[in-house]
Amino acid sequence: GLAAGFEPARLEETFTIAANDLQRDLLVPSLLRRLRAAAPGVALRLISSDAPLPAMLRDELCDLVVTPRPPQGSDIVQKRLFDDRYVVFFDAAHGRAPTSKGEWLAAEHVSVLYDDRRGLHFDEWLLAEGVQRRIVATVPGMAALASLVRGGAWLATAPSLLAEGSLRGLASAELPFAAPPLRMYAVWHLRYQADPVMRWLRAQLEATVAEVLAGAQAPAPRIPRTAKNRAKERTR
């Protein structure tokens, strides 16, 4: 349990969370509602995580990082929040779902290339597999994909949960080949492992994840539950 005397309703705090647009769009609105209901004196500050470095947490630039790329360090703690899968988004008025890997490769694509020239996990995996596709445009974040896909014949391959956020309203279909999942982690500094306020914040984030995934379109991404997964990660 939380330390004696800790009352969320009396908390006056601004929490800083580092995340990119998928995590911000998907989780932060529900998290803010949850936090404000329990602790009216709490506010959130969101900053971009980009490819997060341990220094973000060591230097207290943020309290939590929510990222598919957890920074590594003996003083950095991570917990897997959920797994998502990549699906194909398209404008059904102008294109259709590819039914084979060949059709997918023959199509024109839009994708994400962050400002530091880092692509999506999916794109890095494709490069490692030696797969080349025709990318006609890149944008610096997932939220900008929708405006390119609407009205065009291009495909965007992106996490399925974007159907609940910035890609809502576009058609989507399963990838016609197997690809690795997108894994999302909460990451914090070891100094806050037992801190009652930070434990409460992390518990609110996990409850938010469960709520958001329960409302997502089926088949839902899964929250990891297995003993094997838990053994790999340092949890609170």
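Here the structure is shown first, and the text comes after it.
Rules and cut-offs
- Residues numbered from 1 in each chain as written.
- Predicted model: local features only at pLDDT ≥ 70, side-chain atom pairs only at ≥ 80, totals over all residues.
- Heavy atoms only, no water.
- Pairing = 2+ DSSP bridges.
- Helix = DSSP H or I, 4+ residues; strand = E, 2+ residues; numbered from the N terminus.
- Axes fitted to C-alpha atoms, helices over the stretch in contact; angles between N-to-C directions.
- Parallel < 35°, antiparallel > 145°, perpendicular 65-115°, else oblique.
- Left-handed = near helix turned anticlockwise from the far one by under 90°.
- Contact = heavy atoms within 4.5 Å.
- Nonpolar A, V, L, I, M, F, W, Y, C, P; charged D, E, K, R; others polar.

S.K.: Where do I start with the sheet that holds strand E1 (residues 13-19) in this structure?
M.R.: Strands in a sheet are paired, the pairing made by backbone hydrogen bonds, and the direction either parallel or antiparallel. As summarised here, the arrangement of the five strands in space is E2-E1-E3-E10-E4, forming an open sheet in which the pairing is mixed. The sheet terminates laterally at strand E2 (42-47) and strand E4 (76-84), the two strands that pair on one side only. Geometrically, the sheet is characterised by an average inter-axis angle of 20 degrees between neighbouring strands, direction not taken into account. Sheet analysis places E4 next to strand E10 (residues 182-189), joined by eight bridges and oriented antiparallel. In the strand pairing of E10, Asp 83 is matched with Arg 183.

S.K.: What is the right way to look at the packing of helix H1 (residues 21-38) against helix H6 (residues 196-215) in this model?
M.R.: For any two helices packed against each other, one specifies the crossing angle of their axes together with the interaxial distance. As a packed pair, H1 and H6 sit with axes 9 Å apart at the nearest point and diverge in direction by 125 degrees. Here H1 lies oblique to H6, going by the angle between them. Of the two possible hands of crossing, H1 and H6 adopt the one that is right-handed. Contact residues: H1 offers Leu 26, Leu 27, Ser 30, Leu 31, Arg 34, Leu 35 and Ala 38, while H6 offers Trp 200, Leu 201, Gln 204, Leu 205, Ala 207, Thr 208, Val 209, Glu 211 and Val 212. Partitioning the contact of H1 with H6 into residue classes produces eleven nonpolar, three polar and two charged.

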